[in-house]
Amino acid sequence: MDEKLKEDDKFLKIISLCKRRGFVFSSSEIYDGFAAIYDYGPYGVELASNIKKIWWKEMVQLREDVVGLDAAIFMSPKVWEASGHVKNFSDPLTECKKCHARLRLDSLLEDVGVFADEKMTDDEINKIFSQNKDKVKCPNCGASDFTPGKKFNLLVQSNLGNFTNDWEENPVYLRGETCQGIYVNYKNIVDSSRVKIPFGVAQIGKAFRNEITARQFIFRTREFEQMELQFFVKPGDDEKYFAQWKKIRFDFYLKLGFKEENLRWHQHENLVFYATDAYDIEYNFPFGFKELEGVHARGEHDLGQHMKFSGKDLTYLDPKTGERFTPHVVETSVGVGRIFLAALSDAYCEEKTGEDDTRIILKLSPVLAPIKVAIFPLLKNRPELVAKAKEIFDELKKYWQCEFDDNGNIGKRYRRQDEIGTPYCLTIDFDTLEKGEITLRERDSMKQEKMSMENLLNFLQKKLI
Ligand code: GAP
């Protein structure tokens, strides 16, 4: 049945499920929302937190060559001058002359099948634009009359610590990528811990970009959370570690149970200003294959620039060989919201269960599922069943995020849990009271089996690691 689900419909259905079941809300919704900003609701915050936990486990906990960091969102504005973001971090902007909508020019061209990207110069992209002007229509009003494309810087500015009215002269920036916090702390980490090259620093945190068009739900937002790893290597070892990290990151999604046919590699032809090689892992979102994660070889660009601008020595002295060099960087970078949307797209399915009945299921990996186990007393009006179910709920919630539900008939309770991706439901009935047996129901197969409490704990421990 799922194959029949049209991709457009699927995207709308996922958005609707997110709102209906408390995964994602528009920011400031009672004030009609705030463009390209979203809030994560009760189940959304669990899913996002599980994404971050598994990423941290794989990237830091299970590795001996990676340490963590949590740098502040605000940094000296000099960081962004040194990194090149003040000058180069921009997208091409055009304005519809009729309705004055501001639009991303490379996206407009891409939508009509013309290759363009944000790294082109104004002249390059405007040349392509004028050759294809007739094809491009304003998505807002349908007109075909635009201003020439012009680079628009994506850094978000603030007046932090500036108490004058002309703070825009010397703005402080909200970080546009989290990794700059890693570069500026690179020396602190080398000096204070026992890391030796090659080693990595991982970080999860908010980033901000003044995205021009951001109409793809949580795919592209102006405030988002990034999970980035910067792996410092000896110059010349870049290629070896780049290949290793590409494999590790692709396998990460396969381990999460993402369908392999929904993942592919895309090599950048036009490199962003800091990269010497770059690949994206693309995911087949309901609106097509798009960037999920970036794996970039950044060479010595970042440490080199920070040495130049700060005047501090960020070279590395190899304790074994006595060699001194500026480390090169291999980076992996992904947005939590991107994995969130890819996970929902991969997991969403509908099964026809009767003439007028459809079961909506999120077939999420148990690692990602917001609720791992739901516990139901068979009947709400039998205090002995409710008390036993509460007792089991109180025991299981020590280990996993669980939910107690005694509302409506059992069939409806199962459906509610299917829709949020809960892998296991437990029903507490008279057999539980008399024989200590619990009915365990599995989400995808809907198979039910009776189990003792002891076997149940062993079973869940194996399935929910
Ligand atoms: N430090 C490198 C860097 O930031 P990027 O390709 O600009 O590279 C890396 O971003 C990842 O961050 C993307 O692959 C995507 O997962 C996520 N990302 C970037 N911009 C985003 C946005 N506006 N909204 C949500 N996620 C975003």
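The structure under discussion appears in the preceding block.
Colleague: Would you mind going over the site of the ligand in detail, with residue names and values included?
Modeller: In the vicinity of the ligand there are 22 residues, among which E177, R209, E211, E228 and E291 approach most closely. A distance of 3.4 Å is found between a nitrogen atom of the ligand and a side-chain nitrogen or oxygen belonging to R298. Within the backbone of G335, an N or O atom sits 2.8 Å from an oxygen atom of the ligand. Within the complex, 93% of the 550 Å² of free accessible area of the ligand lies under protein. When residues in the shell around the ligand are grouped by element, the largest group, 6 residues, is from strand β13 (residues 288-299).

Colleague: An account of the environment of Y186 is requested, with residue identities and associated values reported.
Modeller: With respect to the helices, strands and loops of the structure, Y186 is situated in helix α7 (residues 179-192). Sequence separation between Y186 and Q230 is 44 residues, and the spatial gap between their C-alpha atoms is 9.8 Å. Apart from the residues within four sequence positions on either side, Y186 is in contact with I197, F199, F232, L303, L314, T315, Y316 and P327.

Colleague: Go over the sheet that holds strand β6 (residues 150-153) with me, naming the residues and quoting the values.
Modeller: Read from one edge to the other, the open sheet built from 3 strands follows the order β5-β4-β6, with strand pairing classed as antiparallel. The two strands at the open ends of the sheet, each matched to only one other strand, are β5 (102-104) and β6. Each strand of the sheet is rotated relative to its neighbour by a mean of 50 degrees, with strand direction disregarded.

Colleague: Summarise the pairing of strand β12 (residues 277-285); cite the residues concerned and give the values.
Modeller: Most of β12 sits inside the fold, with 7 of its 9 residues counted as buried. As consecutive antiparallel partners, β12 and β13 are separated by 2 residues.

Definitions and limits used
Note that residues are indexed from 1 along each chain, following the sequence as it is written. Confidence filtering applies because this is a predicted model: local features only for residues at pLDDT of at least 70, side-chain atom pairs given and counted only at 80 or more, and all residues used for totals across whole chains, interfaces and linings. To get the side-chain values, all heavy atoms of the structure are used, and hydrogens and water are removed first. The criterion for a residue being near a molecule or strand is simple. One of its heavy atoms has to lie within 4 Å of it. Any pair of nitrogen or oxygen atoms within 3.5 Å is treated as a polar contact; in protein, a donor-acceptor pairing is required on top of that, and neighbouring residues in sequence qualify only through side-chain atoms on both sides. Reported accessibility uses the Shrake-Rupley method at a 1.4 Å probe radius. Residues are deemed covered only where the shown protein chains occlude them. The helix and strand labels rest on DSSP assignments: H or I over at least four residues marks a helix, E over at least two residues marks a strand, and numbering proceeds from the N terminus. Contacts are assigned to residue pairs with any non-hydrogen atoms lying within 4.5 Å of each other. When DSSP locates at least two bridges between a pair of strands, those strands are taken to pair. For every element, the axis is a line fit to its C-alpha atoms; helices are fit only across the contacting stretch, and the angle between N-to-C directions ranges from 0 to 180 degrees. Between buried and exposed lies partly exposed: a residue is buried under 20% and exposed over 50% of the maximum accessible area for its type, with that area taken using a 1.4 Å probe on protein chains only.

Functional significance is not addressed by these values, which are geometric in nature.
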